[in-house]
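Architecture at a glance
What follows is each chain in one-letter form.
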Amino acid sequence: YTVIASAPDVSTIAGGIVLYAVYVGLQLLRQIIITDITRLAWQGLVVSLISTPFLVNAFIGSNIWRWISSIITHTKYAHTQ
């Protein structure tokens, strides 16, 4: 998303979309491999453990970015005063 969001032209947007498609493809491949090598009784647990970073990022990521931006903002104002 960063490449797409900061793209100055259409070709960079296309490159960002390609990168994102590769990323999604690798996630899908990871899910397929996990379901192939684990027993049916454990697949739900293993897949959910692999997806935990995405869940953590959804709830904690925005707070971390808010905290970082507040530090940057206070640092900028501290140097100007």
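Residues numbered from 1 in each chain as written. Predicted model: local features only at pLDDT ≥ 70, side-chain atom pairs only at ≥ 80, totals over all residues. Heavy atoms only, no water.

This brings us to the overall build of the chain. Tallying secondary structure elements over the chain gives four helices and zero strands in all. Helices (α) and strands (β) of the chain occur, in sequence order from the N terminus, as α-α-α-α. On C-alpha atoms alone, the chain measures out to a radius of gyration of 19 Å, which is more than a quarter above the 12 Å that the 2.2 N^0.38 rule sets for 81 residues. For the C-alpha atoms alone, the extent of the chain along its principal axes is close to 60 × 35 × 10 Å. Across the 81 residues in the chain, those meeting the buried criterion constitute 7%. Summed over its atoms, the accessible surface of the chain is roughly 6,900 Å², and 72% of this surface lies on carbon and sulfur atoms. (Helix = DSSP H or I, 4+ residues; strand = E, 2+ residues; numbered from the N terminus. Rg over C-alpha atoms; globule rule 2.2 N^0.38 Å. Buried < 20%, exposed > 50% of the residue type's maximum accessible area, 1.4 Å probe, protein only. Areas by Shrake-Rupley, 256 points an atom, 1.4 Å probe, with all protein chains shown as cover.)

Moving on, we get to the packing of helix α2 (residues 10–37) against helix α3 (residues 40–50). Following both chains from N to C, one finds α2 and α3 inclined at 150°, their axes separated by 10 Å at the closest point. By the angle between their directions, the pair α2 and α3 is classed as roughly antiparallel. Considering only the axes of α2 and α3, their crossing is right-handed. For the pair α2 and α3, the contacting residues are Arg 30, Gln 31, Ile 34 and Thr 35 in the first and Gln 43, Val 46, Val 47 and Ile 50 in the second. (Axes fitted to C-alpha atoms, helices over the stretch in contact; angles between N-to-C directions. Parallel < 35°, antiparallel > 145°, perpendicular 65-115°, else oblique. Left-handed = near helix turned anticlockwise from the far one by under 90°. Contact = heavy atoms within 4.5 Å.)

This part is about the packing of aromatic side chains. Applying the stated criterion to the full structure yields one aromatic pair. On the basis of an interplanar angle of 40° and a centroid distance of 6.5 Å, the ring pair of Tyr 20 and Tyr 23 is categorised as tilted. Placement of both Tyr 20 and Tyr 23 in helix α2 is noted, with a separation of three residues, approximately one turn of the helix. The partly exposed category is assigned to Tyr 20, whose relative accessible area is 35%. (Phe/Tyr/Trp six-rings, centres within 6.5 Å; stacked < 30°, edge-to-face > 60°.)

This part takes up the side chain of Thr 38. As for its position among the elements, Thr 38 is in the loop between α2 and α3. Separated by 2.8 Å, the side chain of Thr 38 and the backbone oxygen of Ile 34 make a polar contact. Setting aside chain neighbours within four positions, we find Thr 38 in contact with Gln 43 and Val 46. (Polar contact = N/O pair within 3.5 Å; in protein donor to acceptor, adjacent residues only side chain to side chain.)

What follows deals with the side chain of Gln 43. Position of Gln 43 among the secondary structure elements: in helix α3. At 3.5 Å, the side chain of Gln 43 forms a polar contact with the backbone oxygen of Thr 38. Those residues in contact with Gln 43 that sit more than four places away from it in its chain are Thr 35 and Thr 38.

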